[in-house]
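# Commentary on secondary and tertiary structure
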Amino acid sequence: VATKVLVRKPHPTRSRQSVYLPTNLGEALLGEGGLDPFMEDPSSLWMLHWQALSHQSSLPIWWSVFNDFPAIEFSEDELVRYCADEIAATTWSQPKETSVRKDVDCLLRMYTTRQTRHRQSIDEMLDSPFRDLGLVAPAASGDRTYRFVRGKKPTMSAIAVAYACLDFLAVSDPDARTASMNRLAADPGSPGRLLKLTEDSIAAAIEEVSGLSEQISMASPAGTSQLVVDGEPVAVASQL
């Protein structure tokens, strides 16, 4: 549900129950005859990561960590304190710190290899496939310290980057047909923040895709590099 491949809806005959149905994205990606039903293409994981964290995210800790947390290198305790402080500044019902710590632990287990000194069960030894995205890595500064990996990602295709840029533009400013590299790299909810990309890596991806699609191009008015879209961003993204 968080990655938007399923949606929960009321049960048609039982008022206290729900049913889970595939979304259009779920069918297109994982359904019979889908683009990647066995999740063999790394771009599929990038797509699910983007869907989970982009607009209307249902993972507040994930959103806060990837979108707002300012540090590049951090310890698990620092991340827990930051998330607890962020939640305390909202009008939400305040959870216990143990709940926040469990979410942070889950996030770190999802994106990086965890080091442990105790014996592990088979389930504990299995690594999440999202670890292969290379977004979070163990840091050399000590036990349970981590760092975000910024810049071009080897498993992220140029089309995946362009899709994220178009999707971001469609949600943040659907009438716009241009977006500066700075905006795509630094604005809240942007590909630069959620995918940990630099301006240069975004620009390189758009340049590559512009050779494949006539509806996407790069321009530099007044020396400022920007994405130019010929058409509605949603429509252009669906054709990539």
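Summarised in this report is the structure supplied together with it. (Residues numbered from 1 in each chain as written. Predicted model: local features only at pLDDT ≥ 70, side-chain atom pairs only at ≥ 80, totals over all residues. Heavy atoms only, no water.)

### Some remarks on the overall build of the protein
Counting its secondary structure elements, the protein contains eleven helices and eight strands. Here the C-alpha radius of gyration of the protein, 19 Å, is about what a compact globule of 240 residues would show, namely 18 Å. Projecting the C-alpha coordinates of the protein onto the three principal axes gives extents of approximately 55 × 55 × 40 Å. When each of the 240 residues of the protein is scored for burial, the buried share is 40%. (Helix = DSSP H or I, 4+ residues; strand = E, 2+ residues; numbered from the N terminus. Rg over C-alpha atoms; globule rule 2.2 N^0.38 Å. Buried < 20%, exposed > 50% of the residue type's maximum accessible area, 1.4 Å probe, protein only.)

### A look at the sheet that holds strand S3 (residues 73-75)
Sheet strands line up and pair through hydrogen bonds in the backbone, either parallel or antiparallel. Reading across the sheet, the three strands line up as S3-S5-S4 and stay open at both edges, with antiparallel pairing between neighbours. In this open sheet, the two strands that pair with only one neighbour each are S3 and strand S4 (136-138). Each strand axis lies, on average, 35° off the axis of its neighbour in the sheet, ignoring direction. With three bridges connecting them, S4 and strand S5 (residues 145-148) associate as antiparallel partners. Note that in S5 the partner of Val136 across the bridge is Phe148. (Pairing = 2+ DSSP bridges. Axes fitted to C-alpha atoms, helices over the stretch in contact; angles between N-to-C directions.)

### Comments concerning helix H7 (residues 158-172)
Between the first and last C-alpha of H7 there are 21 Å, a value that for 15 residues agrees with the 21 Å anticipated at 1.5 Å per step. The element H7 is extensively covered by neighbouring structure, given that eleven of its 15 residues are classed as buried. Listed in full, the buried residues belonging to H7 are Ala158, Ala160, Val161, Ala162, Ala164, Cys165, Leu166, Asp167, Phe168, Leu169 and Ala170. (Expected span 1.5 Å × (residues − 1).)

### As for the nonpolar core
In terms of nonpolar packing, the biggest core is built from 59 residues, with Ile61, Phe66, Tyr111, Leu184 and Leu227 touching the most fellow members. A total of nine residues in this core trace back to one element, the largest contributor, which is H7. Setting aside chain neighbours within four positions, we find Phe66 in contact with His49, Leu53, Leu107, Tyr111, Leu135, Val136, Phe148, Arg193, Leu194 and Lys196. (Core = buried A, V, L, I, M, F, W, Y, C linked by side-chain atoms within 4.5 Å. Contact = heavy atoms within 4.5 Å.)

### A few points about the environment of Met39
Along the chain, Met39 turns up in the loop between helix H1 (24-30) and helix H2 (42-53). Judged by its relative accessible area of 29%, Met39 is partly exposed. Dropping the residues within four chain positions of it, Met39 is found in contact with Leu30, Ser44, Leu45 and Leu48.

### Let's talk about the pairing of strand S8 (residues 226-229)
By the bridge criterion, three bridges tie strand S6 (residues 178-180) to S8 in an arrangement that is antiparallel. Bridged to Thr178 within S8 is Val228. Summarising the sheet, strand S7 (residues 216-219) and S8 pair through four bridges and their orientation is antiparallel. Across the sheet, Ala219 pairs through a bridge with Gln226, a residue of S8. Count of turn residues in the S7/S8 antiparallel hairpin: six residues, of which Ala222 carries a positive phi of about 55°.

### Quick notes on unusual backbone geometry
One non-glycine residue, Met39, lies in the positive phi region at around 50°. Unlike most non-glycine residues, Gln56 shows phi in positive territory, near 55°. Mapped onto the secondary structure, Gln56 falls in the loop between H2 and helix H3 (60-68).

Any functional reading would require information that these geometric values do not contain.
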